[in-house]
Amino acid sequence: MDLLAWVRGPAFDAALAIFIVGVIWRLIELLMLGRGVSLAEPRGPEFPAGLRTIVLRSWPSAAKLKTGATTLVLGYGFHIGFFVGLLLFVPHIELVHATFGLRWPGLPTPLVDAATVVGIVALLAALAHRLSHPVIRFLSTSQDYLVWVATLLPLVTGYLAFHRIVNPYPLALSIHILCVELLMVIFPFTKLMHAFTLFIARWYNGAIAGRRGVQS
Amino acid sequence: MAQSKTLGERLQSHGVSRRGFLKFCAATASLMALPPSMIPAIAAALEKARRPSVIWLSFQECTGCTESLTRSHTPTIEGLIFDHISLDYHHTLQAAAGDAAEAARKAAMQENEGQYLVVVDGSIPLGNPGFSTIAGVSNVDMLKETVAGAKAVIAVGTCASFGGIPHAYPNPTGAVSVSDLVKDKPVINVSGCPPVPVVITGVLSQLLTFGTLPELDHYGRPLAFFGQSIHDRCYRRPFYDKGLFAETFDDEGARKGWCLYRLGCKGPMTYNACATAKWNEGTSWPVESGHGCLGCSEPDFWDAGSFYKSLSVPTGDVARNAGYAVAAGVALGAAAGALNRAKRAGAIKRHEKVNVDDLGDDQG
């Protein structure tokens, strides 16, 4: 209970502060870098092309399925499992409601449970794929493995806590919350920032193509 | 102390039928997760059992545990078994007072050296021995003296098991649990505020039947009663799994008996027998009566935040902290952005333009 009080209290406050400060700091710094002024005459509008690219790059296509089926399937499997577990599990919604006053409907726990298993399996398969594919393995840095561990831990510890595999329950819950806090702390300073930057990046790519009058 | 009559003879003389007695043994066996083949063994052992001497010490407590155990509606067999242990010392229940009472305790200790059981309710203050005394003896001294010749110690209630409410922050009396002080004797924690009556009779039955201590969990509680969480045995669990929750104590969901998680129920973290043994002869239990579990059988339940907030909710002022963090993030980001811009402007300023004349002959 002492550990639980700590992870719910000072540790959570610290992790949340690092997360928010880090994310906003990095986003503002990135956005303030801006883009160089293009002196060329624009050949088309930026806005619709930027939006179009955000949608298109987020949508699986037959071409992507052909070139990187494993990455596509595992990527979707993991992200859907992770976000279902994070956002649609009733105790998580309760946590957000109790802290920020927002609330939305949750899913029945057996469905969340299944999604979590899909997320865990997809992450394990992604690691196997990363290690077995010579090119991806060569390109992988220690940060990739750190991010993989930090993402897997909340899913696994949440699963263990929910199914009472680790006892006592307050300990299991404490470890779960602590793992989430670890994820929050490293989030702004690793590739995890892609959760916020991917739409900006897709917008930029699309907008540049739109200005040049080419398909992105 | 009268040791002559066996428990079986006593139950018979109180009009308990053989059938009623065996039903109790079957219930005890199932509660302790023993196979049905053990029922005759339990019955035989209980019938032959002599009255064990029990010394009951009450320290920093509210007498709720004694109330819970003695006010279980008589004549239940649990009550009778409880009546027929030889309760040689108990402040609240004994007729004797003062020196006579203390003499009874000392006599019981002497007569049953190494065989008597010590039941403790209440926590023990270490901050100042004067915070709680009995006949001028501090709680800690009385506990040590009494436990020295005991066979085992049963800590009844959350105060004795884990320190309980006296131990709650800021713990002004320096209250500790029995197991914090007693290291050389077996200690069985029967936690709960108060504990379920059938749990203590179950523990006594096991001691009488097998002469052994029950299997304990990591908090020293009998696994047979504390092996599963309230949440896992709760009849409202299907509503939790379906995502159907009461939002207030008097809304549609509350009337339909939906899950009380959103009202702060601590069932998921609490291990106790309430959901199966229930209270008041199986009439009801807190969740059935419409209030979430408080988690009273867990250590430090009083310090686990609001009774009406779920356990995982952060305890700090998250909205305020988040506000400060956003402001700090904006300030840092703007400062870093401004630094980058100044750096770029400086680089542009320092950049020396080169034209074709500057390249000179050595280029060709």
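Residues numbered from 1 in each chain as written. Chains lettered and ligands numbered in written order. Predicted model: local features only at pLDDT ≥ 70, side-chain atom pairs only at ≥ 80, totals over all residues.

### Remarks on the overall build of chain A
Alright, step 1. When its secondary structure is counted, chain A shows 10 helices and zero strands.
Alright, step 2. Ordered by position in the sequence, the α and β elements of chain A form the string α-α-α-α-α-α-α-α-α-α.
Alright, step 3. For chain A, the spread of C-alpha atoms along the three principal axes comes to 65 × 35 × 35 Å.
Alright, step 4. Here chain A holds 216 residues, and 31% of them are scored as buried.
Alright, step 5. Long-range contacts, defined as pairs at least 24 residues apart, comprise 75% of the intrachain contacts of chain A with a sequence gap of at least 6. (Helix = DSSP H or I, 4+ residues; strand = E, 2+ residues; numbered from the N terminus. Buried ≥ 20, exposed ≤ 12 C-beta atoms within 10 Å, placed from the backbone. Contact = placed C-beta atoms within 7 Å.)

### A short note on the domain arrangement of chain B
Residue and element names in this part refer to chain B.
Alright, step 1. Taken as a whole, chain B is organised into domain 1 (7–226) and domain 2 (230–303).
Alright, step 2. Here the C-alpha centre of domain 2 lies 27 Å away from the C-alpha centre of domain 1.
Alright, step 3. In this assembly, 16 residues from domain 1 lie in contact with 14 residues from domain 2.
Alright, step 4. Of all the secondary-structure elements, those providing two or more residues to the side of domain 1 that touches domain 2 are helix 8 (157–162), helix 10 (197–210) and helix 11 (223–226).
Alright, step 5. Class assignment of the residues belonging to the side of domain 1 that touches domain 2 gives a composition of 11 nonpolar, five polar and no charged. (Domains from an automatic or database assignment. Nonpolar A, V, L, I, M, F, W, Y, C, P; charged D, E, K, R; others polar.)

### Describing the nonpolar core
Alright, step 1. Core analysis: the biggest nonpolar cluster contains 75 residues, and Ile-55, Val-118, Val-120, Val-153, Ile-154, Ala-155 and Val-156 of chain B have the highest contact counts within it.
Alright, step 2. In terms of residue count, helix 10 of chain B provides more of this core than any other element does, seven residues in total.
Alright, step 3. Inspection of this core shows a minimum of three residues originating in each of domain 1 (7–226) and domain 2 (230–303) of chain B.
Alright, step 4. Formed by 34 residues, the second largest nonpolar core is a distinct cluster that contains Ala-11, Leu-173 and Phe-187 of chain A together with Cys-296 of chain B. (Core = buried A, V, L, I, M, F, W, Y, C linked by C-beta atoms within 7 Å.)

### Focus: the confidence of the model for chain B
All names here are of chain B.
Alright, step 1. When pLDDT is averaged along chain B, the result is 86; 94% of the residues meet or exceed 70.
Alright, step 2. For chain B, the element scoring lowest by mean pLDDT is helix 5 (residues 77–84), at 62; strand 4 (residues 124–125) scores highest, at 97.
Alright, step 3. Predicted complex, confidence summary: ipTM 0.81, pTM 0.72. (pLDDT = per-residue confidence, 0-100.)

### Observations regarding the packing of helix 8 (residues 142–162) of chain A against helix 9 (residues 169–186) of chain A
Residue and element names in this part refer to chain A.
Alright, step 1. It is at 9 Å that the axes of helix 8 and helix 9 come closest, and there the two elements cross at 155°. Classified by the interaxial angle, the pair formed by helix 8 and helix 9 is roughly antiparallel. The hand of the helix 8/helix 9 crossing is left-handed. Seen from helix 8, the contacting residues are Leu-146, Ala-150, Thr-151, Leu-153, Pro-154, Thr-157, Gly-158, Leu-160 and Ala-161; seen from helix 9, they are Tyr-169, Ala-172, Leu-173, Ile-175, His-176, Cys-179, Val-180, Leu-182, Leu-183 and Ile-186. (Axes fitted to C-alpha atoms, helices over the stretch in contact; angles between N-to-C directions. Parallel < 35°, antiparallel > 145°, perpendicular 65-115°, else oblique. Left-handed = near helix turned anticlockwise from the far one by under 90°.)

### Examining helix 16 (residues 318–350) of chain B
Alright, step 1. Taking 1.5 Å per residue as the helical rise, helix 16 of chain B with its 33 residues ought to reach 48 Å, and the 47 Å between its terminal C-alpha atoms agrees with that figure.
Alright, step 2. Along helix 16 of chain B, the positions that sit buried rather than exposed are Ala-325, Gly-329 and Gly-333 of chain B.
Alright, step 3. Buried residues in helix 16 of chain B make contact with helix 2 (10–33) of chain A. (Expected span 1.5 Å × (residues − 1).)

### Re the environment of Gly-213 of chain A
Residue and element names in this part refer to chain A.
Alright, step 1. Among the structural elements, Gly-213 can be located in the segment after helix 10 (194–212).
Alright, step 2. Residue Gly-213 is classed as exposed on the basis of its 11 C-beta neighbours within 10 Å.
Alright, step 3. Through-space distance from the C-alpha of Gly-213 to that of Leu-88 is 41 Å; in sequence the pair is 125 residues apart.
Alright, step 4. Not counting residues within four places of it along the chain, the set of residues in contact with Gly-213 comprises Arg-43 and Gly-44.

### Some thoughts on the packing of helix 2 of chain A against helix 9 of chain A
Residues and elements named next belong to chain A.
Alright, step 1. Their axes nearest at 8 Å, the elements helix 2 and helix 9 cross at an angle of 25°. Compared by their axis directions, helix 2 and helix 9 come out roughly parallel. The chirality of how helix 2 crosses helix 9 is left-handed. Two secondary-structure elements touch here, helix 2 through Ala-11, Phe-12, Ala-15, Leu-16, Ile-18 and Phe-19 and helix 9 through Leu-178, Glu-181, Met-184 and Val-185.
Alright, step 2. Here the residues of the contact of helix 2 with helix 9 sort into nine nonpolar, no polar and one charged.

### Describing the environment of Cys-259 of chain B
All names here are of chain B.
Alright, step 1. Take Cys-259: it is sitting in the loop between helix 14 (252–255) and helix 15 (274–277).
Alright, step 2. The sequence separation of Cys-259 and Thr-283 amounts to 24 residues, and the corresponding C-alpha distance is 19 Å.
Alright, step 3. Apart from the residues within four sequence positions on either side, Cys-259 is in contact with Arg-236, Phe-239, Tyr-240, Leu-244 and Phe-245.

### A look at the interface of chain B and chain A
Many analyses report the size of an interface as the accessible area lost when the parts associate.
Alright, step 1. Taken together, the contact between chain B and chain A spans 38 residues of the former and 37 residues of the latter.
Alright, step 2. The dominant element in the side of chain B that touches chain A, judged by the number of residues it contributes, is helix 16 of chain B, at 16 residues.
Alright, step 3. Residues of the side of chain B that touches chain A, tallied by class, amount to 18 nonpolar, 12 polar and eight charged.

### Concerning the sheet that holds strand 1 (residues 53–58) of chain B
All names here are of chain B.
Alright, step 1. With parallel pairing, five strands are arranged side by side in an open sheet as 2-1-3-7-9. The outermost strands of the open sheet, each flanked by one partner alone, are strand 2 (86–89) and strand 9 (187–190). Adjacent strand axes in the sheet meet at a mean angle of 25°, parallel and antiparallel pairs treated alike.
Alright, step 2. Sheet topology note: the strand 1/strand 3 (residues 117–121) ladder contains five bridges and is parallel. If you follow Ile-55 over to strand 3, its bridge partner there is Val-118.
Alright, step 3. Where helix 6 (residues 98–111) meets the sheet, it contacts strand 1 and strand 2, and its direction lies at approximately 125° from that of strand 2.
Alright, step 4. Those strands touched by helix 10 are strand 7 (152–156) and strand 9, and its axis lies near 155° from that of strand 9. (Pairing = 2+ DSSP bridges.)

### As for helix 2 (residues 18–31) of chain B
Because an α-helix packs 3.6 residues into every turn, residues spaced three or four apart end up facing the same way.
All names here are of chain B.
Alright, step 1. With 14 residues, helix 2 extends 20 Å from end C-alpha to end C-alpha; this agrees with the ideal 20 Å at 1.5 Å per step.
Alright, step 2. What helix 2 keeps buried is the set Phe-24, Cys-25, Thr-28, Ala-29 and Leu-31. Viewed end-on, helix 2 has its buried residues packed into an arc of 165°, placing them on one side of the element.
Alright, step 3. Phi turns positive one or two residues past the end of helix 2, at Ala-33, with a value near 60°. (Arc of directions from axis to C-beta.)

### A few points about unusual backbone geometry
Note on backbone geometry: most residues besides glycine have negative phi, and most peptide bonds are trans.
Residue and element names in this part refer to chain B.
Alright, step 1. In this chain, Tyr-169 is followed by Pro-170 through a cis amide linkage whose omega measures 5°.
Alright, step 2. In this fold, Pro-170 is placed in the loop between helix 8 and strand 8 (175–176).
Alright, step 3. Between Cys-193 and the following residue, Pro-194, the backbone shows a cis peptide bond with an omega angle of 0°.
Alright, step 4. Along the polypeptide, Pro-194 turns up in the loop between strand 9 and helix 10.
Alright, step 5. Phi is positive for Asn-171, which is not a glycine, with a value near 50°.
Alright, step 6. Following the sequence through the fold, Asn-171 ends up in the loop between helix 8 and strand 8.
Alright, step 7. In this structure Asn-171 comes out as partly exposed when scored by C-beta crowding, with 17 C-beta atoms within 10 Å.
Alright, step 8. At Asp-300, a position not held by glycine, the phi torsion is positive, near 55°.
Alright, step 9. Along the chain, Asp-300 turns up in the loop between helix 15 and helix 16.
Alright, step 10. A tally of 19 C-beta atoms within 10 Å means that Asp-300 is categorised as partly exposed.

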